[in-house]
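# Structure assessment
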Amino acid sequence: MKQMFNVSNAHRVKSSISNLPVRLLLGPGPSNLHPRVNQQLSTHMIGYTDQNYYKVMDETMEMMRYLFQTNNHFTIPITGAGTAAMEACVANLIEPGDNVVCCVSGYFSDRIYQMAQRYGANILKVDRKWGTWFSLDDVRDALVKHKPSLLTMVFGETSTGVKQAMAGIGQLCKEHNCLLMVDTVAALGGVPFFVDDWKVDACYTGGQKCLSGPPGISPITFSPLACAKIANRKTPVANWYLDAMLLGGYWCPEYNFANGTVTTPQPLRRYHHTTPANLVYALRESILMICEEGIENTWNRHQDAAKSLYKGLESIGLKPYLADTNEVFDQGGRLFSLTTVAVPDGLDAKLVMKYLLDKYNIEIAGGLGELAGKVWRVGLMGFNANQTNVKLLISALEEAVKASK
Ligand SMILES: *Cc1c(COP(=O)(O)O)cnc(C)c1O
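In this text, all values refer to a predicted model and were calculated from it rather than measured experimentally.

### Considering helix α10 (residues 277-293)
- Taking 1.5 Å of rise per residue, 17 residues should cover 24 Å, and α10 covers 24 Å from first to last C-alpha, within 8% of that figure.
- Counted residue by residue, α10 has 12 buried out of 17 residues, so it is predominantly covered.
- Taken as a whole, α10 has its buried residues at A277, N278, V280, Y281, A282, L283, R284, E285, S286, I287, M289 and I290.
- Lining the buried residues of α10 we find α2 (35-40), α3 (51-68), β2 (75-79), β10 (217-222), α9 (244-251) and α11 (295-315).
- Of the residues trailing α10, G294 is marked for its positive phi of about 90 degrees.

### Some details on the environment of L136
- Assignment of secondary structure puts L136 in helix α6 (residues 136-146).
- Here L136 falls in the partly exposed class, since its relative accessible area comes to 34%.

### So, the nonpolar core
- F74, L151, M153, F193 and F222 are the most contacted members of the largest nonpolar core, which has 95 residues in total.
- Of all the elements, α3 adds the most residues to this core, at 9 residues.
- When we break this core down by domain, the ones giving at least three residues each are domain 1 (11-33 + 294-404) and domain 2 (35-287).
- Beyond its immediate chain neighbours, meaning those up to four positions away, F222 contacts N72, F74, A88, C89, N92, L93, D201, A202, C227, I230 and A244.
- Residues L26, A305, V341 and V390 belong to the second largest nonpolar core, which totals 26 residues.

### A look at the sheet that holds strand β14 (residues 365-366)
- With antiparallel pairing, the 3 strands of this open sheet are ordered in space as β12-β15-β14. Each edge of the open sheet is held by one strand with a lone partner, namely β12 (338-342) and β14.
- Taken together, the 2 bridges between β14 and strand β15 (residues 375-379) define a ladder with antiparallel strand orientation. Bridged to G366 within β15 is W376.

### Side note on the domain arrangement of the protein
- Each assigned domain of the protein is listed with its residue range as follows: domain 1 (11-33 + 294-404) and domain 2 (35-287).
- With 35 residues of domain 1 at the contact, the number on the domain 2 side is 38 residues.
- Buried surface at the junction of domain 1 and domain 2, summed over both partners, amounts to about 2,900 Å²; 65% is from carbon and sulfur atoms.
- When the buried area of domain 1 at its contact with domain 2 is split by residue, L33, W299 and L335 rank highest and sum to 26% of it.

Reading the values: the criteria
Residues numbered from 1 in each chain as written. Predicted model: local features only at pLDDT ≥ 70, side-chain atom pairs only at ≥ 80, totals over all residues. Heavy atoms only, no water. Helix = DSSP H or I, 4+ residues; strand = E, 2+ residues; numbered from the N terminus. Expected span 1.5 Å × (residues − 1). Buried < 20%, exposed > 50% of the residue type's maximum accessible area, 1.4 Å probe, protein only. Contact = heavy atoms within 4.5 Å. Core = buried A, V, L, I, M, F, W, Y, C linked by side-chain atoms within 4.5 Å. Domains from an automatic or database assignment. Pairing = 2+ DSSP bridges. Buried area = accessible area lost by both parts, 1.4 Å probe.

In structure tokens:
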């Protein structure tokens, strides 16, 4: 044997996981899992061709349609992080040479832009200052100028705490024969979003943000128009793992991408990759809990928590980085699930974060890119979006700020 791992090493590594601190995760994700979700992670394994598992899959897809507020048949979980779902959209909806508009005003919208470049798109990048969103005129100008087949944007930009205004954007894209792709990773389940009413063609989220599910599994949905575009591609999707029609062969073989029809009885499911059953169970449980609460109530709970946070910040001499929120659900403004908090001049943002973590086991995040050192990012997502956590955070934050001056 060349490579040894002796008993003393085993003792050394043994406690690293069992001694992990229990943190309250109030950053941009992951958020804490509800105990019901946690429990699903230790449910026993089952084969991927088992009829009982197929039932779990079908129910998961059914509840995901409610979550996305869509009738789209192709609504499945991607095995991978939110970024994998992002890549699934980009890889399937872009053919080399396609004209694409990328609306960029933050870290994650820029990530979509970077991906689109790798799939050979001819891109018009529309840049806006971080902390702002795109107007209908911005979108119209880009559509007229570039004649894209795809326009990409982020609904809840986690790097800035901005909610993108959605009113009219889908309709404009339809009028210009352009598919609309929207990232809702930090928002779906926490903030009202309507895939069908807003005419969104490709949309995705992640398990670990407003769903309080596990990371590594990411709901995605494609409209019939998006599916037809995929079926009519001249070139194969350059990413085999994320090829929507291959994935559809396992998740929904009854669905015809070219014409949107559904075959009964369901044809045989074709193996694509081994789906992580426990992540599917856990994701399903997290969405089931939203179904039980009623999604409007879930949205309201997030809004109430955010408003209490704004008030609490004010009471300790802090304030959100963005101007007062516009509460109209399809207009732009503050994102209720993720608040950027302005760091007062002269204060070391990292010191405050360390104090919260060391003394109270509370995790919040600092700013990214242009906003590094200027903001903290506070997430009140899913299971964590409640008044108890707001009270706790505000009193701990008050103490941390005083101690860091
Ligand atoms: C977190 C996040 C992502 C990426 O999700 P991962 O699961 O970390 O890959 C993408 N977009 C937005 C808006 C996010 O907040």
